[in-house]
Amino acid sequence: MVLKVFFPSCCSSADSGILIGRWISEQNSAVILAVVHFPFIPVQVKQYLGEVQRVTKVSISVLGSWSNSKQEKEESLSEFLEDLGTIFCHEPWIQISKEGDSKFWSCSTLQKHSKNPQEEEIILVYYDQRKVMLSHLHPPLDPAGQRAEDASRLSAIFDTVARSQVLFMTDRYDEGPVKLTHWQSEGVEASIIVELLKQASVPACMLLTLLLSLLSGICRSRVLKFWPLSFLWSKLSTCEQLGHRLQHLQVISSNKKAQNQNQLMRKANIFVSLLIDVALGILLMSWLYRKNRIGHLADTLIPVADHVAEELQDLLQWLMGAPAGLKMNRALDQVLGRFFLYHIHLWISYIHLLSPFIEMILWYVGLSACLGLTVALCILSDILALLTFHIYCFYVYGARLYCLKIYGLSSLWRLFRGKKWNVLRQRVDSCSYDLDQLFIGTLLFTILLFLLPTTALYYLVFTLLRLLVVIVQGLIHLLVDLIDSLPLYSLILRLCRSYRLAAGVKFRVLEQQDGKPLRLLMQINPLSYGGVVRTYRLPTYSCYPRDSWASLCKKLFLGELIYPWKHKGDKQN
């Protein structure tokens with residue numbers, strides 16, 4: 001049998017005393033948590049350990065003795081430490097001693113109550129108690145049973161130290177009956193500012209929770225479920241982002257305690273993301289209201305809209321002629337061109353009608369940046385959608401007309417082959433047609449076929465314009481999703497204190513000599529940056545459908561509409 005003793009490196013220079021910790025019989029391991037050094041009364045030690053067990057729910061007991069021969073010169077000390085095993089009655093009784101200035105330690109076990117005592121090979125593993133307590137072990141996602149079993153064993157060590165946090169929270173000026181040595185032996189010095197912030201955070205969270213409950217009640221009211229308001233709420237990305245941030249605020253202000261480490265990290269990530277988002281929004285707002293930049297932006301907006309309208313008019317004039325030398329159907333070409341030119345004329349009139357109010361609208365829109373940079377970006381996306389609404393209308397008209405002709409040609413092509421589409425069974429069946437039906441079908445097929453190039457050209461041009469607008473909006477929402485979902489707190493923690501995000505451990509051999517215990521150093525392997533993002537990424541909503549390239553090309557070929565409106569994404573964490 002191999003006995004593994006996990007010894008905190010902070011106790012290597014402690015005075016002689018007894019070792020307290022947890023015995024894990026399944027792994028034949030002992031996790032040393034602290035050293036109780038002399039003088040002490042055994043009854044008081046047992047009472048103290050009973051109180052710690054009641055609070056932490058961890059079976060902490062006296063596991064053995066610790067002798068620092070550099071500090072203790074008495075010959076009777078070793079005999080006294082052996083006699084302590086009869087008082088505390090633990091099998092096996094671990095004896096660890098430091099041999100003066102030697103770098104090697106001696107470690108042995110006593111089994112007084114065992115009939116057949118066996119010599120055990122002892123492995124002494126040093127670990128950093130502070131890092132192990134503050135870290136959270138994330139076992140690797142490997143389906144192999146052996147690695148999963150090893151990860152569970154290591155998790156037991158980490159869990160023992162983390163749940164024994166009460167043992168380390170000793171006040172600096174507390175002179176109790178039991179004197180311990182651990183990573184926080186000097187005690188915790190309270191800060192008045194921290195205590196005042198803790199006391200002030202309780203009523204602040206209660207007030208914030210009350211306000212958020214009122215806002216959520218208003219959002220769930222029946223008034224917002226009527227058609228105009230419900231339509232705007234579902235189509236405007238600003239409303240979606242505000243609802244998303246409202247959920248984040250409810251999570252942060254909730255008085256429910258986090259059940260595990262993942263929930264705690266999720267709250268911290270949401271808080272840091274919200275804080276940075278608001279800070280960036282305030283910086284943007286201060287930049288906009290400085291040197292009358294909003295006025296310059298309003299003066300630039302109208303000429304840009306006029307220039308876009310003029311370019312569209314020139315494009316339509318080019319399409320109404322002989323674009324790229326193509327022979328178009330003149331009658332249909334003139335009808336479509338004049339129809340779209342009339343829409344552009346209406347759009348220019350609408351823009352010039354709003355021109356006196358543009359600066360005031362932008363001034364009030366700029367104030368929304370105090371809610372966060374993501375809200376300002378969503379408003380920018382909505383403004384872009386409103387300014388390019390005529391392009392969207394052109395795309396819809398062209399797509400509907402093109403889709404009608406495609407489906408008409410496919411239906412008439414089935415007529416030539418003596419087939420028809422069975423609506424009830426959703427399949428193509430054979431069908432016999434008479435001469436009149438074939439004659440009418442031939443005429444309609446010929447007309448639609450010769451009109452298809454003109455319609456397809458208009459559809460192609462306006463689809464490319466619509467895709468350009470969708471790409472710009474997609475880049476904006478990609479930045480919004482990046483700010484919303486990026487676990488900034490976890491990444492900062494990985495950069496500054498990587499041991500807090502543990503993916504596993506590695507062991508380094510310190511000394512090895514015959515007749516002496518093998519001494520290892522346990523070091524924490526942190527999560528990679530990609531693992532941090534995958535583990536702690538915050539849930540977001542997707543603003544654009546995540547279609548594959550094949551599905552997107554199929555939709556474009558058949559003339560199906562590509563809606564930019566968002567749908568709920570995959571919820572994670």
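Owing to the predicted nature of the structure, the values given are computational and were not obtained by experimental measurement.

S.K.: Would you explain the overall build of the protein chain in this entry?
M.R.: Each helix and strand counted, the protein chain has 18 helices and 13 strands in total. Here the protein chain, with 573 residues, has 40% of them falling under the buried criterion. The long-range share in the protein chain, meaning contacts at least 24 apart out of those at least 6 apart in sequence, stands at 72%. Here the protein chain displays about 33200 Å² of accessible surface, and carbon together with sulfur accounts for 63% of that area.

S.K.: What is the right way to look at a nonpolar patch on the surface in this model?
M.R.: A contiguous nonpolar surface patch, about 610 Å² in accessible area, is contributed by Phe357, Met360, Ile361, Trp363, Tyr364 and Leu367. Mapped onto the elements, Ile361 comes out in helix α12 (residues 358-367).

S.K.: Whenever I open this one, the pattern of salt bridges confuses me. Can you help?
M.R.: Between side chains of opposite charge, pairing is possible as soon as their charged atoms come close. Under the counting rule described, the total for this entry stands at four salt bridges. Notably, a salt bridge pairs Asp159 with Arg163, separated by 3.1 Å at the nearest N-O pair. Of this pair, Asp159 and Arg163 both sit in helix α4 (residues 145-163), separated by four residues, roughly a single helical turn. Judged by its relative accessible area of 32%, Asp159 is partly exposed. A salt bridge links Asp484 to Arg245; the shortest N-O distance between them is 2.8 Å. Taken together, the residues Asp484 in helix α15 (residues 435-485) and Arg245 in helix α8 (residues 237-253) connect sequence positions 239 residues apart. Each member of the pair, Asp484 as well as Arg245, carries the same accessibility label: buried. A network of salt bridges, in which partner residues are shared, links Arg245, Asp277 and Asp484.

S.K.: Is there a simple way to think about the UniProt feature "transmembrane region" (unreviewed entry) in the protein chain in this case?
M.R.: UniProt marks residues 200-219, 270-289, 335-354, 361-388, 394-416, 437-461 and 467-492 with the feature "transmembrane region" (unreviewed entry), using the numbering shown here. Helix and strand shares over residues 270-289 are 95% and 0% respectively, and the end C-alpha atoms of the span are 28 Å apart. This span, residues 394-416, is 100% helix and 0% strand, and a straight line between its end C-alpha atoms measures 33 Å.

S.K.: Help me understand the packing of helix α10 (residues 293-320) against α15 in this model?
M.R.: For any two helices packed against each other, the geometry is given by the interaxial angle and the distance between the axes. Between α10 and α15, the shortest axis-to-axis distance is 11 Å and the interhelical angle comes to 160 degrees. Compared by their axis directions, α10 and α15 come out roughly antiparallel. α15 is crossed by α10, and the crossing has right-handed handedness. Taking contact as the criterion, the partners of Leu312, Leu315, Leu316, Leu319 and Met320 in α10 are, on α15, Leu457, Tyr458, Val461, Phe462 and Leu465. Split into classes, the residues belonging to the contact of α10 with α15 amount to 10 nonpolar, no polar and no charged.

S.K.: I would appreciate a short explanation of the pairing of strand β2 (residues 17-24) in the present structure.
M.R.: Both faces of the sheet carry side chains from a regular strand, because those side chains alternate between them. For β2, the tally of buried residues reaches seven of eight residues, placing the bulk of the element in the interior. In the sheet, β2 pairs with strand β3 (residues 29-37) via eight bridges, with the strands oriented antiparallel. Bridge pairing links Gly17 to His37 in β3. Counted along the chain from β2 to the antiparallel partner β3, the turn is four residues long, and its residue Asn28 has a positive phi close to 55 degrees. Strand direction decides the pairing type here: β2 and strand β4 (residues 60-68), joined by six bridges, are antiparallel. Bridged to Gly21 within β4 is Ser61.

S.K.: Sorry, what's going on with the packing of aromatic side chains here?
M.R.: Two measures describe an aromatic ring pair: the distance that separates the ring centres and the angle between the ring planes. The tally for this structure, following the rule as stated, stands at 16 aromatic pairs. A ring pair is formed by Phe340 and Phe462, whose centres lie 4.8 Å apart and whose planes are at 65 degrees; its orientation type is edge-to-face. Note that Phe340 is positioned in helix α11 (residues 330-354) and Phe462 in helix α15, a separation of 122 residues in sequence. Take Phe340 and Phe462: they sit in the same class, and that class is buried. When its relative accessible area of 1% is taken as the criterion, Phe462 is described as buried.

S.K.: Just to check I follow, could you spell out the pairing of strand β5 (residues 93-98) for this structure?
M.R.: Along β5, five of the six residues are buried, which leaves the element largely enclosed by surrounding structure. Bridge count for β5 against strand β6 (residues 105-110) is six bridges, and the pairing is antiparallel. Residue pairing for β6: Lys98 is matched across the bridge by Trp105.

So, how was this worked out
- Residues numbered from 1 in each chain as written.
- Predicted model: local features only at pLDDT ≥ 70, side-chain atom pairs only at ≥ 80, totals over all residues.
- Heavy atoms only, no water.
- Helix = DSSP H or I, 4+ residues; strand = E, 2+ residues; numbered from the N terminus.
- Buried < 20%, exposed > 50% of the residue type's maximum accessible area, 1.4 Å probe, protein only.
- Contact = heavy atoms within 4.5 Å.
- Areas by Shrake-Rupley, 256 points an atom, 1.4 Å probe, with all protein chains shown as cover.
- Patch = residues over 30% accessible without salt bridge, like charges linked within 9 Å, V, L, I, M, F, W, Y side chains within 5 Å.
- Salt bridge = Lys/Arg side-chain N within 4 Å of Asp/Glu carboxyl O.
- UniProt positions renumbered as here; feature names shortened; annotations may be inferred.
- Axes fitted to C-alpha atoms, helices over the stretch in contact; angles between N-to-C directions.
- Parallel < 35°, antiparallel > 145°, perpendicular 65-115°, else oblique.
- Left-handed = near helix turned anticlockwise from the far one by under 90°.
- Nonpolar A, V, L, I, M, F, W, Y, C, P; charged D, E, K, R; others polar.
- Pairing = 2+ DSSP bridges.
- Phe/Tyr/Trp six-rings, centres within 6.5 Å; stacked < 30°, edge-to-face > 60°.

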